[in-house]
Amino acid sequence: MTEPVAAALRLPRFTAAAVQAAPVYLDTAATVDKAVALIHEAAGNGASLVVLPEVFVPGYPYWNWTMNPVQGSPWYERLHRASVDVPGPHVDTLRAAARRAGVVLVIGVNERGPHSLGTLYNTLLTIDADGELIGVHRKLVPTWAEKLTWTPGDGSTLRVHRTAVGPLGALACGENTNPLARFTLLAQGELVHAASYIALPVAPEDYDMAEAIALRAAAHCFEGKVFTVVSCSTISPDIVAEIAGEDQQLRKQLSRPRAALSGIFGPDGRPVTEPLVDEEGIVYAEIDLGRCVQPKQMHDIVGHYNRFDVFRLHVDNRPLRPLTFDQHPPKEEE
């Protein structure tokens, strides 16, 4: 059971940092080093919560959108070899960085399945300010072409965590459009939401990724009366060169503007400060969770503004495993 949000009414004020950056593509150690540097930079500027992008370590499988599955298969192997084990040494490095910096950290990684070479998860790690790994959320539904790379997660990781910055939940990219996933977090008392994304210049031409991210953040904030910290990756020239090679049309596509947005949004759905579009950097803003109280009086969709006698949401929070042994020990042969 999670502690009720009002068990001890403590509504912190703190500085949040939304990081917008590119990984050192498919280089796990170098990307973790970059993440550590960004964590300390944000902490040095007063941040108590630092959010880094979706699958920041060691990057996003853009080849799923630009190649057929046979062409992309060797890239899958490269990503698998560069992915991280949870727990594992790269996670330990991130935990140590959060502890030294004294920040709550949310960061996306490609996680290797412990039981199969064919299993990778799009995973968000939540690390408390003491360095404890308190959350491992696996993206529930890989989006569109992502299904060629990632295995779906399960309901056991859809959790809100009690942290020094308040009740914190996290979702990856397209999950932020899923009203039932979002409601599940809100109904556990979420007041701070981490939304991690990747730059998506490979979407259809009429799709404005920066606008889509802002709309999703505004919707969750306004509906739930919460703060959202949005962190999105960027595509570096190195990534463009790696994926596109000499294909000039693909280079142009991967360099498309308005593919990324990072920022911080308040419980009225508005940006707390100016978001960052496309460029690398860190967006900082002061979050006062006291601002969540009065809007809840008008519309509390997990309280008085709902009809739980009419609507019920059942969440299966059992971990899904490929194998379950009976608890009875085998009999010895006579």
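The rules behind each value
- Residues numbered from 1 in each chain as written.
- Predicted model: local features only at pLDDT ≥ 70, side-chain atom pairs only at ≥ 80, totals over all residues.
- Heavy atoms only, no water.
- Helix = DSSP H or I, 4+ residues; strand = E, 2+ residues; numbered from the N terminus.
- Buried < 20%, exposed > 50% of the residue type's maximum accessible area, 1.4 Å probe, protein only.
- Contact = heavy atoms within 4.5 Å.
- Core = buried A, V, L, I, M, F, W, Y, C linked by side-chain atoms within 4.5 Å.
- 1 Å grid on protein atoms, 1.4 Å probe; cavity = no way out; pocket = protein on both sides within 12 Å on 5 of 7 lines; lining within 4 Å.
- Points joined across faces, edges and corners; volume = space filled by probe spheres on them.
- Nonpolar A, V, L, I, M, F, W, Y, C, P; charged D, E, K, R; others polar.
- Pairing = 2+ DSSP bridges.
- Axes fitted to C-alpha atoms, helices over the stretch in contact; angles between N-to-C directions.

This brings us to the environment of I198. Examined against the element boundaries, I198 turns out to sit in the loop between β8 (192-197) and α6 (209-224). Since its relative accessible area comes to 1%, I198 is described here as buried. Linking I198 and G102, residues 96 residues apart in sequence, is a C-alpha distance of 26 Å. For I198, the residues in contact, after removing those within four places along its chain, are E54, V55, Y60, Y62, M209, C232, S233 and A259.

The next point concerns the nonpolar core. Of all hydrophobic cores here, the largest spans 39 residues; its most connected members are Y62, W63, Y197, I243 and L254. Per-element accounting of this core gives the leading share, 5 residues, to α6. Setting aside chain neighbours within four positions, we find Y62 in contact with Y25, I198, A199, P201, S233, I235, I239 and I243. Counting residues in each nonpolar core, the second largest holds 28 residues, with I39, L94, A98 and I107 among its members.

Of the pockets and cavities examined, the largest pocket occupies roughly 580 Å³. Forming the boundary of the largest pocket are 22 residues, of which L180, F183, T184, A187 and L313 lie nearest the centre. It is helix α5 (residues 179-186) that provides the largest number of residues to the lining of the largest pocket, a total of 6 residues. Its residues assigned to classes, the lining of the largest pocket comprises 12 nonpolar, 6 polar and 4 charged. In this structure, the second largest pocket encloses a volume near 390 Å³. Grouping the constituent residues of the lining of the second largest pocket by class yields 7 nonpolar, 5 polar and 3 charged.

Turning to the side chain of T228, a few remarks are in order. Tracing the backbone through its elements, the reader meets T228 in strand β9 (residues 227-232). What makes T228 buried here is its relative accessible area of 1%. Every residue in contact with T228, bar those within four places of it in the chain, is listed here: H193, A195, A217, H220, C221, G263, I264 and F265.

Read from one edge of the open sheet, 6 strands run β5-β4-β3-β2-β1-β12, paired in mixed fashion. Edge positions in the open sheet fall to β5 (133-138) and β12 (281-288), since each of these has one partner strand only. For this sheet the average axis-to-axis angle between neighbouring strands, irrespective of direction, equals 25°. Where strand β1 (residues 13-20) and β12 come together, 8 bridges link them in antiparallel fashion. Following the sheet pairing, R13 is matched in β12 by D288. Relative to β12, helix α1 (residues 28-44) is tilted by about 45°, and along the sheet it contacts β1, β2 (49-51), β3 (104-112) and β12. The sheet strands contacting helix α4 (residues 89-101) are β3, β4 (120-127) and β5, and the helix crosses β4 at an angle near 25°.

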